[in-house]
Amino acid sequence: MASTPHLRKPADDRVRREWDAVDENELRIDREAAERLVAALNSELSGLYILFNQVRKHYWLVEGASAEDLSEFLEDAADRLTDVTDALAIRVHALGGVPVCGPMGIRQHAPIYIEAPHQYDLRSSLDRDLHGYAELAAQIRDHIELADQLHDPATSELLRGHIKTLEEDAHTLERYLADDTLVREDALR
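Residues numbered from 1 in each chain as written. Predicted model: local features only at pLDDT ≥ 70, side-chain atom pairs only at ≥ 80, totals over all residues. Heavy atoms only, no water.

A. Layout of the packing of helix 2 (residues 67–94) against helix 5 (residues 153–178). One way to put it is that helix 2 packs onto helix 5 with a least axis distance of 11 Å and a crossing angle of 165°. When the axis of helix 2 is compared with that of helix 5, the two are roughly antiparallel. At the point where helix 2 passes helix 5, the crossing takes the left-handed sense. Residues Asp69, Leu70, Phe73, Ala77, Arg80, Leu81, Asp83, Val84, Ala87, Leu88 and Arg91 of helix 2 form the contact with helix 5, whose own contacting residues are Ala154, Thr155, Leu158, Leu159, His162, Thr165, Leu166, Asp169, Thr172, Leu173 and Tyr176. Residue composition of the contact of helix 2 with helix 5, grouped by class: 13 nonpolar, four polar and five charged. (Axes fitted to C-alpha atoms, helices over the stretch in contact; angles between N-to-C directions. Helix = DSSP H or I, 4+ residues; strand = E, 2+ residues; numbered from the N terminus. Parallel < 35°, antiparallel > 145°, perpendicular 65-115°, else oblique. Left-handed = near helix turned anticlockwise from the far one by under 90°. Contact = heavy atoms within 4.5 Å. Nonpolar A, V, L, I, M, F, W, Y, C, P; charged D, E, K, R; others polar.)

Structure, rendered in structure tokens:
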């Protein structure tokens, strides 16, 4: 049985801006610089999509003695990831690009891997979340430097503001992982 694609494609005459292309922008940022910035931000967006879905999954599945506190943190963290994603996607559009969307685009640009669909122990799940935050924070630091080099202080400032959010959530995850109330893998043996 042939599969039906999950892609809805309106007529070509309806396309206003093609995916993976950068048009002139109202910000008057050089097109080559805008292309580099859009590629960088789309990589961030891809990672944010993956991390959001992973954090949300862990929110749905959290259980155990710390479930109430962790559930609240993970729900709020997912909301913060949505806010960061929205801000960066709006900037991609302003730079003349199209924000990454859909599984193919996300996989093309993602700096982190999608977690397998299984339910894992809480410590392993939170450790993967922390890894995702760390990868994104490191990449964003590089892209702050890129924005500075390309003379785009607005993109640089946007990234600087949101890296703080990611780092604060990563720090909270580190505290949960250090907490003795979470079951350690070696304690299960």
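B. Highlighting the environment of tyrosine 120. Note on placement: tyrosine 120 falls in the loop between helix 3 (102–109) and helix 4 (122–149). The exposure class assigned to tyrosine 120 is partly exposed, which follows from its relative accessible area of 30%. Between the alpha carbons of tyrosine 120 and leucine 61 there is a distance of 9.0 Å; along the sequence they are 59 residues apart. In this view, tyrosine 120 contacts Lys57, Glu115, Ser125 and Arg128; residues no more than four positions away in its chain are not counted. (Buried < 20%, exposed > 50% of the residue type's maximum accessible area, 1.4 Å probe, protein only.)

C. Focus on the packing of aromatic side chains. Throughout the structure, instances matching the rule amount to one aromatic pair. Geometrically, the ring pair formed by phenylalanine 73 and tyrosine 176 is tilted, given 5.9 Å between the ring centres and 45° between the ring planes. Placement of phenylalanine 73 in helix 2 and of tyrosine 176 in helix 5 is noted, with a sequence separation of 103 residues between them. An identical accessibility class is assigned to phenylalanine 73 and tyrosine 176; each is buried. Note that arginine 128 overlies the ring of tyrosine 120, its terminal NZ or CZ placed 4.3 Å from the centroid. (Phe/Tyr/Trp six-rings, centres within 6.5 Å; stacked < 30°, edge-to-face > 60°. Lys NZ or Arg CZ within 6 Å of the ring centre and 35° of its normal.)

D. Structural detail: the pattern of salt bridges. Counted by the stated rule, this structure contains eight salt bridges. Between aspartate 23 and arginine 31 there is a salt bridge, with its nearest N and O atoms 3.9 Å apart. The residue lysine 57 makes a salt bridge to glutamate 115 at a minimum N-O spacing of 2.6 Å. Here glutamate 115 lies in the loop between helix 3 and helix 4 and lysine 57 lies in helix 1 (residues 31–61), a separation of 58 residues in the sequence. Glutamate 115 shares its class with lysine 57; the two are buried. (Salt bridge = Lys/Arg side-chain N within 4 Å of Asp/Glu carboxyl O.)

Geometry only, nothing functional implied.
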